[in-house]
Amino acid sequence: MDIINCPTCGKIFMKNAVRDVCADCYRQEEADYDRVYQFLRKRENRAATIETVANSTGVEESLLYKWVRRGRLHTTQFPNLGYPCDQCGKIIKKGKLCDSCTSNIKNELEVFDKEQERIENFKKSAYYSQGKPKFGE
Ligand SMILES: [Zn+2]
Ligand SMILES: [Zn+2]
């Protein structure tokens, strides 16, 4: 078990699997979560965005993002919720990156793979051009 500083209030506490903040902040977060959930339960609020939820409930956007990321607030139920892409901050619903950042990274990886392949081929051809050692020499 780790003893860490609470990221919300700075108090020292024992980190565990369920809680990433101290007991006081956890209680506060749960109260906030209840408030958010009561708000979203209403039919007319189902399509609310993070901004609307934050403004209406007074709960920090970062907390809302955390709950969406962890699946406590489901984007299947509340289609306009999401959290920012790690790279560019665009609101997304799954994974860590938005589609365009994902394809950028994929392209970079492909370029990297091609480069690796080229280096490998070069090494091989250099090896073969030196000639393999023959038996009996
Ligand atoms: Zn705390
Ligand atoms: Zn992005």
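The structure we're discussing is the one just above.
The shown structure was predicted, so the numbers you read here are calculated from the model rather than taken from an experiment. (Residues numbered from 1 in each chain as written. Chains lettered and ligands numbered in written order. Predicted model: local features only at pLDDT ≥ 70, side-chain atom pairs only at ≥ 80, totals over all residues. Heavy atoms only, no water.)

1. Focus on the overall build of the protein
Next, step 1: Broken down by element type, the protein carries four helices and four strands.
Next, step 2: Going residue by residue from the N terminus, the α and β elements of the protein occur as β-β-α-α-α-β-β-α.
Next, step 3: A compact globule built from 137 residues should have a C-alpha radius of gyration of about 14 Å, whereas the protein, at 25 Å, is more than 25% larger.
Next, step 4: Considered along the principal axes of its C-alpha atoms, the protein spans approximately 85 × 40 × 20 Å. (Helix = DSSP H or I, 4+ residues; strand = E, 2+ residues; numbered from the N terminus. Rg over C-alpha atoms; globule rule 2.2 N^0.38 Å.)

2. Here's the deal with the coordination of the zinc ion (ligand 2)
Next, step 1: Taken together, the protein ligands of the zinc ion (ligand 2) are C85 (SG), C88 (SG), C98 (SG) and C101 (SG), with distances of 2.3 to 2.4 Å.
Next, step 2: Written as a sequence motif, the donor residues of the zinc ion (ligand 2) are C-x2-C-x9-C-x2-C. Of this pair, C85 sits in the loop between β3 (83–84) and β4 (91–92) while C101 is found in helix α4 (residues 99–129), placing the two residues 16 residues apart along the sequence. For the residue pair C85 and C101, the accessibility class agrees, reading buried in each case. (Donors = N, O, S within 2.8 Å, 3.2 Å for Na, K, Ca; no water. Buried < 20%, exposed > 50% of the residue type's maximum accessible area, 1.4 Å probe, protein only.)

3. Things to note about a nonpolar patch on the surface
Next, step 1: On the surface, I3, I12 and M14 cluster together into a nonpolar patch covering about 330 Å² of accessible area.
Next, step 2: By the element assignment, I12 lies in strand β2 (residues 12–15). (Patch = residues over 30% accessible without salt bridge, like charges linked within 9 Å, V, L, I, M, F, W, Y side chains within 5 Å. Areas by Shrake-Rupley, 256 points an atom, 1.4 Å probe, with all protein chains shown as cover. Salt bridge = Lys/Arg side-chain N within 4 Å of Asp/Glu carboxyl O.)

4. A closer look at the packing of aromatic side chains
Next, step 1: The final tally for this structure, using the stated rule, is two aromatic pairs.
Next, step 2: Ring centres of Y33 and Y37 lie 6.0 Å apart, and the angle between their planes is 25°; on these two criteria the pair is classed as stacked. Remark: Y37 and Y33 occur in helix α1 (residues 23–41); sequence separation between them is four residues, near one turn of the helix.
Next, step 3: Judged by relative accessible area, which is 13%, Y33 ranks as buried.
Next, step 4: Judged by relative accessible area, Y37 falls into the partly exposed class, the value being 28%.
Next, step 5: Members of the aromatic cluster, each reached through a chain of ring pairs, are Y33, Y37 and W67.
Next, step 6: A cation over a ring is seen here: R19 above Y26, with NZ or CZ 5.8 Å from the ring centre.
Next, step 7: The lysine or arginine in question, R72, covers the ring of Y33, its NZ or CZ lying 3.9 Å from the ring centre. (Phe/Tyr/Trp six-rings, centres within 6.5 Å; stacked < 30°, edge-to-face > 60°. Lys NZ or Arg CZ within 6 Å of the ring centre and 35° of its normal.)

5. Overview of the side chain of K66
Next, step 1: Locating K66 in the fold gives a position in helix α3 (residues 61–69).
Next, step 2: Those residues in contact with K66, other than ones at most four positions away along the chain, are D20, V21 and E29. (Contact = heavy atoms within 4.5 Å.)

6. Digging into the coordination of the zinc ion (ligand 1)
Next, step 1: Protein-derived coordination of the zinc ion (ligand 1) comes from C6 (SG), C9 (SG), C22 (SG) and C25 (SG), at a distance range of 2.3 Å.
Next, step 2: Coordination at the zinc ion (ligand 1) is tetrahedral, judged from the four donor atoms that bind it and the angles of 107 to 118° they form at the metal.
Next, step 3: Read N to C, the donor residues that coordinate the zinc ion (ligand 1) are spaced as C-x2-C-x12-C-x2-C. In this pair, C9 is assigned in the loop between β1 (2–5) and β2 and C25 in helix α1, connecting sequence segments 16 residues apart.
Next, step 4: A relative accessible area of 42% places C9 in the partly exposed class. (Tetrahedral: all angles 85-135°; square planar, octahedral: opposite > 155°, others 65-115°.)

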